[in-house]
Amino acid sequence: MDNSAQVYKKNIDLLKVKPNLTEYENTYKNFSWDNVRNELEWFPDGKINIAYNAVDRHLNSPRKDKIALYWEGDNAEKKQYTFADIARLSNQFGNFLKSRGVARGDRVFIFLPRIPYLYISFIGILKIGAIAGTLFSAFQEQALFDRLENSGAKVLITDKELAVRIQNVREKLPNLKEVVIVDDENFDNTIQSQSTDLAMEHMDQNDYAFMLYTSGTTGKPKGVVHRHYALLSEHLTAKYILDIHEEDIYWCTADPGWVTGIAYEILGSWSNGATEVVYSGRFSSEKWYQILADYKVTVWYTAPTAVRMLMASGDELVKKYDLSHLRHILSVGEPLNPEAIRWGLKVYGLAFHDTWWQTETGAMMLVNFPCNDIKLGSMGKPFLGITAEIVDDSGNGLGAKTEGHIAFKPGWPSMMQTIWQRQEKYDSYFVNGWYISGDRGWKDEDGYFWFIGRSDDVIKTSGERVGPFEVESALVEHPAVIEAGVIGKPDELRGEIIKAFVVLRPEFAQKVKDQAYAETLKQELAQHVKKHLAGHAYPREIEFIDKLPKTRSGKIMRRILKAKELGQPIGDTSTLEEY
Ligand code: WTA
């Protein structure tokens, strides 16, 4: 708990654009969610719809013809859509889904790369009161099956290339009535032949709007469900933390397969009327700088791994691009090192503003406000209407400068409404009236929060959340493997990489004594996970071992694998079966 952090002082009079929020402490003290309900538009019957607020409400203002989406694909293909375009196309998409029998409350999942139909269908699903789910485009058969089965999805929206991945499991998904292929020859016509009028569903604020599967330590991924009222958190954080102004060009580099892409690439950003850029192609530093320059991006929300990759490509490259429009830059998803902030200040003349939150919290929770000083390495302070605390295992507040669980008082609008059909899992998040985040940290005397690490075995690799259990299960499917233990291993570039400790069947254990064979088998195992689970969730390192450390009840002790890997003390082993 180092108190010597470097402070980046703010003087808001010197900022190019005055922040939407110019004072934190008093605003925080006097804030109540009830007083800001009217940041959203409610139907006269007191009901609400996220999609109306994100898109259609702008049709009554000059924003109607404002660009909502600049889209750029992998091969420099470009498209643009106004808010009126998105409203019309999502109406047509909604009508199409209705014509296929989709009704309020049905789950409709989107499994697409970042193409315009992803955004259009997401809004369309919400408009008709169905529950929208997203699936990251790197998912393979097993990951898809688990999520579609658990959610009982009725329709899957995908493309030709990705659809292949569910062919083998489709017949095991009796609830899945239809797979919609958006690049089928006639699909555009099918959508365009739909009526552009749609009677939007009026939803109760607690009605489910969207869901996302996310990973924990044990078991299959869980379906985190958010309500329509969640938009209030997303709207307000986009307004005050992303600091969206009318004239901004905003670029969020996340994928809507993850929560950041939903909350701040569709919902909160559009609800503030932001013109946004979506680039669906591969990462390269040159391409990213070109996007920033070409679209004259002003607000940029990205992730520490990306910042580190940009850092690795050097300072000179930055000078080749005109990035003079950038005025506010932020990051999320993993710890942002002070070094990255210092580098940002050097090459962009701007400080990255770290934000901390989770799939379950639905919106930013601990944040660096544009009007507050930044302590380099800190996640900042609680957002308005958020009571944050460091608590012990029993949920007792610990006060400043003590390590514990990062916890929040329940009740903010975007707190998850449920875990899909797993009430006990949902309940397990709450202890003594606190929502326990699963992260450990501490706060300093000034109320800044600092990250220490996860309290469970969840892995963050390149900012993407991976559960060790899913990876272990995928490995065990391979004929050579008896069992596997998977951990996150610290990595300078990616934050963590996935490392697997694998126990082989005896005949294979014999064979890997041959170094060359061992290497081949490692590659094969990594490929196996890539092909069956997900392209991003494979182990970059594999080690063959004789035996996994386990508790007496047979649970793999990943903590011990990790301690050994890092050369740290192994700690309490009294519950170990044998070791
Ligand atoms: C981690 C992503 C350090 C954390 C929006 C959390 C962070 C998990 C930060 C949630 C940050 C997120 N500093 N760690 N600023 N932001 N995390 O659900 O461990 O994909 O619990 O949501 O990411 O990941 P998720």
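Just so we're clear, the structure is a prediction, and the values are computed from it rather than from any experiment. (Residues numbered from 1 in each chain as written. Predicted model: local features only at pLDDT ≥ 70, side-chain atom pairs only at ≥ 80, totals over all residues. Heavy atoms only, no water.)

Caption draft 1: Local environment of the sheet that holds strand E27 (residues 495–504). Pairing is mixed in the open sheet, where 3 strands are placed in the order E26-E27-E28. This sheet does not close on itself; its edge strands, each paired only once, are strand E26 (481–491) and strand E28 (541–544). Shown here is a sheet whose adjacent strand axes are inclined to one another by a mean of 25°, direction ignored. Bridge analysis of E26 against E27 gives 10 bridges, and the strand direction is antiparallel. Residue pairing in the sheet places Gly-485 in a bridge with Phe-501 of E27. Lying on the sheet, helix H15 (residues 468–476) is in contact with E26 and E27; it crosses E26 at an angle near 140°. Where helix H18 (residues 558–566) meets the sheet, its contacts fall on E26, E27 and E28, and the angle it forms with E26 comes to roughly 55°. (Pairing = 2+ DSSP bridges. Helix = DSSP H or I, 4+ residues; strand = E, 2+ residues; numbered from the N terminus. Axes fitted to C-alpha atoms, helices over the stretch in contact; angles between N-to-C directions. Contact = heavy atoms within 4.5 Å.)

Caption draft 2: Expanded view of the pattern of salt bridges. Counted according to the given criterion, the structure contains 39 salt bridges. Notably, a salt bridge pairs Glu-483 with Lys-550, separated by 2.8 Å at the nearest N-O pair. Taken together, the positions of Glu-483 in strand E26 and Lys-550 in strand E29 (residues 550–551) put the pair 67 residues apart, joining distant regions of the chain. Several salt bridges share partner residues, and in doing so they unite Lys-489, Lys-499, Glu-541, Glu-543 and Glu-565 into one network. (Salt bridge = Lys/Arg side-chain N within 4 Å of Asp/Glu carboxyl O.)

Caption draft 3: Region of the structure containing the site of the ligand. Around the ligand sit 18 residues, and of these Asp-354, Thr-355, Thr-359, Asp-439 and Arg-465 come closest. Separating a nitrogen atom of the ligand from a backbone N or O atom of Thr-355 is a distance of 2.7 Å. In this structure, Asp-439 approaches the ligand through a side-chain N or O atom, which is 2.9 Å from an oxygen atom. Compared with its free state, where it exposes 530 Å², the ligand has 97% of that area covered by protein. (Near = heavy atom within 4 Å. Polar contact = N/O pair within 3.5 Å; in protein donor to acceptor, adjacent residues only side chain to side chain. Areas by Shrake-Rupley, 256 points an atom, 1.4 Å probe, with all protein chains shown as cover.)

Caption draft 4: Structural context of the pairing of strand E9 (residues 222–227). Judged by how many residues are buried, E9 sits mostly within the fold: 6 of 6 residues are covered. Relative to E9, strand E8 (residues 208–214) is paired through 6 bridges, and the arrangement is antiparallel. By the bridge assignment, Met-211 is partnered in E9 with Val-225. (Buried < 20%, exposed > 50% of the residue type's maximum accessible area, 1.4 Å probe, protein only.)

Caption draft 5: Highlighting the domain arrangement of the protein chain. Here the domain parsing of the protein chain yields domain 1 (7–449) and domain 2 (456–566). The C-alpha centroid of domain 2 is placed 30 Å from the C-alpha centroid of domain 1. Together, the buried faces of domain 1 and domain 2 total about 2,000 Å²; carbon and sulfur atoms form 50% of this surface. Counting across the interface, domain 1 meets domain 2 through 2 salt bridges. A salt bridge links Glu-470 to Arg-147; the shortest N-O distance between them is 3.1 Å. One can count 12 residue pairs in polar contact (both at pLDDT 80 or more) joining domain 1 with domain 2. Broken down by secondary-structure element, the contributors of at least two residues to the side of domain 1 that touches domain 2 are helix H5 (141–151) and helix H11 (304–312). Of the residues contributing to the side of domain 1 that touches domain 2, the split by class is 7 nonpolar, 13 polar and 8 charged. (Domains from an automatic or database assignment. Buried area = accessible area lost by both parts, 1.4 Å probe. Nonpolar A, V, L, I, M, F, W, Y, C, P; charged D, E, K, R; others polar.)

Caption draft 6: Structural context of the nonpolar core. Ranked by size, the top nonpolar core spans 99 residues in total, and within it Ile-157 and Trp-270 carry the most contacts. Ranked by the residues each element gives to this core, the list is headed by helix H4 (residues 116–127), at 8 residues. Excluding residues within four positions of it along the chain, Ile-157 makes contact with Phe-93, Leu-97, Val-108, Phe-109, Ile-110, Phe-111, Leu-112, Ser-121, Ile-125, Val-180 and Val-182. If you look at the next biggest cluster of nonpolar residues, it comprises 51 residues, including Phe-109, Ile-131, Leu-148 and Tyr-213. (Core = buried A, V, L, I, M, F, W, Y, C linked by side-chain atoms within 4.5 Å.)

Caption draft 7: Quick peek at the sheet that holds strand E11 (residues 275–279). An order of E3-E2-E11-E10-E12-E13-E14-E15-E17 is seen for the 9 strands of this open sheet, with the pairing classed as mixed. Strands at the two margins of the open sheet, each flanked by one partner only, are strand E3 (78–82) and strand E17 (381–382). Together, strand E2 (67–72), strand E10 (249–252), E11, strand E12 (299–302) and strand E13 (328–332) form the strand contacts of helix H9 (residues 259–271), whose direction differs from that of E11 by roughly 155°.

Caption draft 8: Representation of the layout of surface pockets within the structure. By volume, the second largest pocket amounts to about 540 Å³. Lining the second largest pocket are 24 residues, with Thr-217, Gly-438, Arg-454, Ser-455 and Asp-456 positioned closest to its centre. Classifying every residue of the lining of the second largest pocket gives 3 nonpolar, 10 polar and 11 charged. (1 Å grid on protein atoms, 1.4 Å probe; cavity = no way out; pocket = protein on both sides within 12 Å on 5 of 7 lines; lining within 4 Å. Points joined across faces, edges and corners; volume = space filled by probe spheres on them.)

Caption draft 9: How the structure looks around empty space enclosed by the protein. Under the counting rule described, the total for this entry stands at 2 cavities of 30 Å³ or more. Computed from the structure, the largest cavity encloses a volume of approximately 90 Å³. Residue lining of the largest cavity: 15 residues in total, with Phe-139, Arg-147, Ser-215, Arg-465 and Glu-470 positioned closest to the centre. Considered class by class, the residues forming the lining of the largest cavity number 8 nonpolar, 4 polar and 3 charged. Residues from two domains meet in the lining of the largest cavity; each of domain 1 (7–449) and domain 2 (456–566) gives at least three. Class assignment for the residues of the lining of the second largest cavity results in 6 nonpolar, 3 polar and 1 charged.

Caption draft 10: Focus on a negative patch on the surface. Negative charge collects at one region of the surface, where Glu-161, Asp-183, Asp-184 and Glu-185 lie side by side. Structurally, Asp-183 can be placed in the loop between strand E7 (178–181) and helix H7 (187–192). Taking the relative accessible area as the measure of exposure, Asp-183 reaches 36% and is therefore partly exposed. (Patch = residues over 30% accessible without salt bridge, like charges linked within 9 Å, V, L, I, M, F, W, Y side chains within 5 Å. Lys, Arg positive; Asp, Glu negative; His and termini not counted. Charge placed at Lys NZ, Arg CZ, Asp CG, Glu CD.)

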